[in-house]
Amino acid sequence: MTTVDSVVLAAYFLFILAATLGFRRFATDSSQFINAGGSLVWWMAGATAFMTQFSAWTFTGAAAKAYEDGIAVLALFWGNALGFFIAARYFAARYRKLRVETPMQVIRQRFGRPTEQLFTWLQFPLSTVSAAFWLNGLAIFAAALFGISLGATIVTTGVVVTFIAISGGSWTVSATNVVQLVMLLAVTVVTGGFALYQAGGPGALTVQFPTDFITGSNLNHSSIFLFWVTAMLAKQTLSTNNAITCYRFLVTRNEAEAQKAARLAGVLFLLGPVLWFIPPWVAAIDNAQLQTLYPNLGGSAGNAAYLYFVDHYMPPGTVGLIMAAMTAATISPMTTALNRNAGIFVRNVYQGCRRRDFSEPQLLRAGKLATLASGLAATATALLLSAIESIGFFDLMMLFGALLQLPLAIPALLAVVIRRTPDWAGWSTVLVGLGVSLFMQFAFPLSWVTSLISEQPLTARETIDLRVAATVAAQVLITGGYFCLSQLWFAPLKSRRGRELARFTMNLRRPLAASEQAGADTRQGLYLGRLLILTGTATGLLCLPAGAGPETALFLLMGGTMITAGISMLR
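Every value quoted in this text rests on a predicted model; they were computed, and no experiment measured them.

K.L.:
Describe the overall build of the protein chain, listing the residues and the values that go with them.
P.N.:
Assigned secondary structure in the protein chain consists of 26 helices and zero strands. Expressed as a percentage of its 571 residues, the buried residues of the protein chain come to 60%. If you take every contact in the protein chain between residues at least 6 apart in sequence, the share linking residues at least 24 apart comes to 87%. By element, 65% of the accessible surface of the protein chain is carried by carbon and sulfur atoms, the whole surface being about 21400 Å².

Right under this line is the structure:
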């Protein structure tokens, strides 16, 4: 890493600090801190929805998958695109019309307080583990780049993320997400386009890839691959549309803007990942000896496939920009997760358990303390996960989602689709889902499935892919089926719960009135536009120390993209 790269990275952290301090003034009460008062314009909400669905793990663990198995990794990200397009058509508007501030308020209205508390206390550790995965993705990249320990990177990033989330809550989170989205796309899309040029175009890239570009390596049964792809599409659709992740749409001004935000995220996921994974594919074509080049990563050297291309093909200064982009990809989902946890704690625990009114300063203070606790817990968990070496980073993330997140996601999604179920359907479906996960992980006979396919044994990749895909299928069929069957025991309620359910159903159908919508704040575009113009100008000036050569034009292209985005926000 050159001096120019170090200066670029330092400038990025100063820039994010300035953006954080600039937007902290918007969070004047607990509602502004939790969901920006429901006043974000659609492009800010869409940027947040996009940035919170991936992290630096995309450019480490997922890049390793691309390096080894070609285009197969896109199933995961196109699953996100499919999920957001479905959200734009059905879920986004409905969640916004529920007139709530946190996801757990949706669960409370639909299933009652017992299920709300179960979801709340399960969500805290699950979101903490997710944040720990994101931190590890960045730590792997930094370790390969700087040769420093994973622990030092995890602690440093954890402190920065916690500071951003505490400073201004949803406002600073959403604002920095927009800035980091433009920067990340400008840098990674230009890098991907240049990698495609170096490979000789799409045709040459496909032909020269060392294994089958569609299915990848270590695959004896194509049926398992197709099963895995289908499972990933289903898993990501559940991930993007369940009530636990509906916070992406609650920050918008109305249901129409929630739909626009979902469409924006869908389009970005449809196009962006294709260019993200071209650099790892070029590394595979080069037959890069990653373990030799990045010995400090040991058996996880495949996670440095993206960095290899930047190191060997891009001009000085790009490594610093890429590292800044990876940091942005980690800061965005983490700050959003910490902010979401703070909102859940304030509205569903702090106010719900203590039977008295609180002043706004007290609620704001509770939110900031909850953010601090979540940040410290995520950092500590990341340090523990960094010691796990028995399974690949990509596979570990997939298993986590299939085993632990789906049992909550399925009833949380069906809650707004099937409404004639008893309250106990919520918490009991979670227990059924956790039971399915335990069975699929520890008792499911993979050898029995193998015998049905063929006599040929499974490879290590197929074993993991089959377990993940089978777990997703079992969750959808058994856990989802159980929830649907609970309709047989539905009986209309006439108590206060009956009135709550009636209001829930009515809100799903009733558009937001003009009086229920926050006014658009034009300061959002003005502040962000100026920040992006400043960032783009600084990025374009990197062509000066880089010297002569066609590669230096890449800095002008990156900077020009940021400036164009900034100017469009000023209008």
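There is more to say, and it comes next.
K.L.:
Before we move on, could you go through a nonpolar patch on the surface and cite the residues and values that matter?
P.N.:
On the surface, Trp424, Trp427, Leu431, Leu485, Leu488 and Trp489 cluster together to form a nonpolar patch covering roughly 690 Å² of accessible area. At three residues, helix α20 (residues 424–442) tops the list of elements feeding residues into the nonpolar patch. As for its position among the elements, Trp424 is in helix α20.

K.L.:
Describe in detail the pattern of salt bridges, supporting the description with residues and values.
P.N.:
Inspection of every chain in the model, using the stated rule, returns eight salt bridges. We note a salt bridge from Asp69 to Lys65, for which the minimum N-O separation is 3.1 Å. Placement of the pair is Asp69 and Lys65 together in helix α4 (residues 61–69), with a separation of four residues, close to one helical turn. Across this residue pair, the class does not change: Asp69 and Lys65 are buried. Linking Arg108 and Glu116 is a salt bridge whose minimum nitrogen-to-oxygen distance equals 3.6 Å. For Arg108, a relative accessible area of 25% corresponds to the partly exposed category. Through salt bridges with shared partners, a single network forms among Lys65, Asp69, Arg461 and Asp465.

K.L.:
Before we move on, can you summarise the nonpolar core with the specific residues and values?
P.N.:
Of all hydrophobic cores here, the largest spans 153 residues; its most connected members are Phe50, Phe54, Phe77, Tyr95, Trp276, Phe277 and Trp281. Tallying contributions element by element places helix α17 (residues 318–353) first for this core, with 14 residues. Contact partners of Trp276, with chain neighbours within four places excluded, come to Phe50, Phe54, Thr58, Phe59, Phe77, Leu184, Leu185, Thr188 and Tyr306. Counting residues in each nonpolar core, the second largest holds eight residues, with Val436, Leu446, Leu466 and Ala470 among its members.

K.L.:
I'd like a rundown of helix α5 (residues 74–97), residues and numbers included.
P.N.:
For α5, with 24 residues, the first-to-last C-alpha span of 33 Å sits near the 34 Å given by 1.5 Å per residue. Where burial is concerned, most of α5 is hidden: 17 out of the 24 residues are buried. One or two residues past the end of α5 sits Arg99, with phi positive at roughly 60°.

K.L.:
So what about the side chain of Thr215? Which residues, and what values?
P.N.:
Here Thr215 is to be found in the loop between α10 (202–208) and α11 (222–241). Apart from the residues lying within four places of it in its own chain, the contact partners of Thr215 are Asp69, Phe225 and Arg461.

K.L.:
So what's going on with the environment of Ile16? Residues and values would help.
P.N.:
As for its position among the elements, Ile16 is in helix α1 (residues 3–23). Residue class for Ile16 comes out buried when judged on its relative accessible area of 3%.

K.L.:
Which residues make up the packing of aromatic side chains, and what values go with them?
P.N.:
If you walk through the whole model with that rule in mind, you get 17 aromatic pairs. Pairing Phe59 with Trp276 gives two aromatic rings, centres 5.5 Å apart and planes at 55°, and the pair type is tilted. On the criterion of sequence distance, the pair formed by Phe59 in the loop between α3 (42–51) and α4 and Trp276 in helix α13 (residues 255–276) is long-range, its members being 217 residues apart. Trp276 gets classed as buried once you look at its relative accessible area, which sits at 0%. On the numbers, 6.1 Å between centres and 90° between planes, the contact of Phe111 with Phe483 is edge-to-face.

K.L.:
I'd like a description of α3, backed by residues and values.
P.N.:
Of all ten residues in α3, eight are buried; the element is thus mostly enclosed. Turning to α3, its buried residues are Met44, Ala45, Gly46, Ala47, Thr48, Ala49, Phe50 and Met51.

K.L.:
Give me the lowdown on the side chain of Asn80, citing residues and values where you can.
P.N.:
With respect to the secondary-structure elements, Asn80 resides in helix α5. The class for Asn80 is buried, based on a relative accessible area of 1%. Leaving out residues up to four positions away in the same chain, Asn80 has contacts with Gln53, Gln236, Thr240 and Phe269.

K.L.:
An account of the layout of surface pockets is requested, with residue identities and associated values reported.
P.N.:
Approximately 410 Å³ is the volume attributed to the second largest pocket. Listed by contribution, the elements that provide at least two residues to the lining of the second largest pocket are α3, α9 (170–199), α13 and α26 (553–570). By residue class, the composition of the lining of the second largest pocket is 16 nonpolar, three polar and no charged.

K.L.:
Describe in detail the environment of Arg467, supporting the description with residues and values.
P.N.:
Following the sequence through the fold, Arg467 ends up in helix α22 (residues 460–485). Put simply, Arg467 and Met440 are 27 residues apart on the chain and 7.3 Å apart in space, counted from C-alpha to C-alpha. Among residues more than four places away in sequence, those in contact with Arg467 are Met440, Gln441, Phe444 and Leu446. At 2.6 Å, the side chain of Arg467 forms a polar contact with the backbone oxygen of Met440.

K.L.:
Mind laying out the environment of Ile224, listing which residues take part and the relevant values?
P.N.:
Tracing the backbone through its elements, the reader meets Ile224 in helix α11. Under the relative-accessibility criterion, Ile224 is labelled buried at 2%. Along the sequence, Ile224 and Leu466 sit 242 residues apart, while their C-alpha atoms lie 6.3 Å from each other.

Calculation notes
Residues numbered from 1 in each chain as written. Predicted model: local features only at pLDDT ≥ 70, side-chain atom pairs only at ≥ 80, totals over all residues. Heavy atoms only, no water. Helix = DSSP H or I, 4+ residues; strand = E, 2+ residues; numbered from the N terminus. Buried < 20%, exposed > 50% of the residue type's maximum accessible area, 1.4 Å probe, protein only. Contact = heavy atoms within 4.5 Å. Areas by Shrake-Rupley, 256 points an atom, 1.4 Å probe, with all protein chains shown as cover. Patch = residues over 30% accessible without salt bridge, like charges linked within 9 Å, V, L, I, M, F, W, Y side chains within 5 Å. Salt bridge = Lys/Arg side-chain N within 4 Å of Asp/Glu carboxyl O. Core = buried A, V, L, I, M, F, W, Y, C linked by side-chain atoms within 4.5 Å. Expected span 1.5 Å × (residues − 1). Phe/Tyr/Trp six-rings, centres within 6.5 Å; stacked < 30°, edge-to-face > 60°. 1 Å grid on protein atoms, 1.4 Å probe; cavity = no way out; pocket = protein on both sides within 12 Å on 5 of 7 lines; lining within 4 Å. Points joined across faces, edges and corners; volume = space filled by probe spheres on them. Nonpolar A, V, L, I, M, F, W, Y, C, P; charged D, E, K, R; others polar. Polar contact = N/O pair within 3.5 Å; in protein donor to acceptor, adjacent residues only side chain to side chain.

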